[in-house]
Amino acid sequence: MMRVPVCLGLVALMATMVAPARAAESTSPPLLVRLASIDTLTKQFFLLADKVGRKAEAEQVKNALQGATGPGGIQGLDPTRPVGIYGRIGPNGLDSTGVILVPVNDEAAMLAALKKLAGAIGGNLVEAKEKGGSHTLNLDQSPMPIFLRFAKGYCWATIDRKSTRLNSSHIPLSRMP
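Residues numbered from 1 in each chain as written. Predicted model: local features only at pLDDT ≥ 70, side-chain atom pairs only at ≥ 80, totals over all residues. Heavy atoms only, no water.

1. Side note on the overall build of the protein chain
Across its full length, the protein chain holds five helices and seven strands. In sequence order, the protein chain lays out its α and β elements as α-β-α-α-β-β-α-β-β-β-β-α. Relative to its full complement of 177 residues, the protein chain shows a buried share of 26%. Contacts spanning at least 24 positions in sequence make up 51% of the contacts within the protein chain whose residues lie at least 6 apart. Summed over all atoms, the accessible surface of the protein chain reaches about 11,600 Å², with 64% contributed by carbon and sulfur. (Helix = DSSP H or I, 4+ residues; strand = E, 2+ residues; numbered from the N terminus. Buried < 20%, exposed > 50% of the residue type's maximum accessible area, 1.4 Å probe, protein only. Contact = heavy atoms within 4.5 Å. Areas by Shrake-Rupley, 256 points an atom, 1.4 Å probe, with all protein chains shown as cover.)

Following this line, the structure appears as structure tokens:
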């Protein structure tokens, strides 16, 4: 007879512990990836290219990128901080959402560089901020626009307009020092 109240008490305790865990799940994305800084990734790319005997091809890629962005790279980009990706995988696959976080140190310079880059590859950047503070990047080769938002030292880029409005406090940027 004593076992029934103890079991009911344990079930009630577990139920109260599961509810906050489910609430936490719904606010933070299930997919969170942190990449090294662009400087580090570039060094590793050239090291790998050298090791596999493709140093000349790596230099060609570097020259092509510098031709599109200029010798200093993309202005406004902070190459010393990590890049992040977060998202949710939807039940149908195509309903998945994702955001790429690119570190920036100058929003205006980054927007100018993106406008120049978009023009070079056939597209445009809508300069006026939209409701919610996002910008729209339209590329001729893409059937969907790319939405951009600047917050917490990052450019948040996605093809899902709602994802740029996600409260950035849900993303643990503290894991991306």
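2. Some thoughts on the pattern of salt bridges
Enumeration over the complete set of coordinates arrives at two salt bridges. Its salt-bridge partner being Glu57, residue Arg54 comes within 3.1 Å of it at the nearest N-O pair. (Salt bridge = Lys/Arg side-chain N within 4 Å of Asp/Glu carboxyl O.)

3. A word on a nonpolar patch on the surface
Taken together, the side chains of Phe45, Val61 and Leu65 make up a nonpolar region of the molecular surface, amounting to roughly 270 Å² of accessible area. Position of Phe45 among the secondary structure elements: in helix H2 (residues 38–51). (Patch = residues over 30% accessible without salt bridge, like charges linked within 9 Å, V, L, I, M, F, W, Y side chains within 5 Å.)

4. Focus: H2
Its 14 residues give H2 an end-to-end C-alpha distance of 20 Å, which sits within 8% of 20 Å, the value for a rise of 1.5 Å per residue. The positive-phi residue at the C-terminal boundary of H2 is Gly53, with phi of around 75°. (Expected span 1.5 Å × (residues − 1).)

5. Re the packing of H2 against helix H3 (residues 55–69)
Running from N to C, H2 and H3 cross one another at 150°; their axes reach a closest spacing of 7 Å. Here H2 lies roughly antiparallel to H3, going by the angle between them. Counting all contacts with H2, which are made through Phe45, Phe46, Ala49 and Asp50, the residues of H3 involved are Lys55, Ala58, Glu59 and Lys62. When its residues are assigned to classes, the contact of H2 with H3 shows four nonpolar, no polar and four charged. (Axes fitted to C-alpha atoms, helices over the stretch in contact; angles between N-to-C directions. Parallel < 35°, antiparallel > 145°, perpendicular 65-115°, else oblique. Nonpolar A, V, L, I, M, F, W, Y, C, P; charged D, E, K, R; others polar.)

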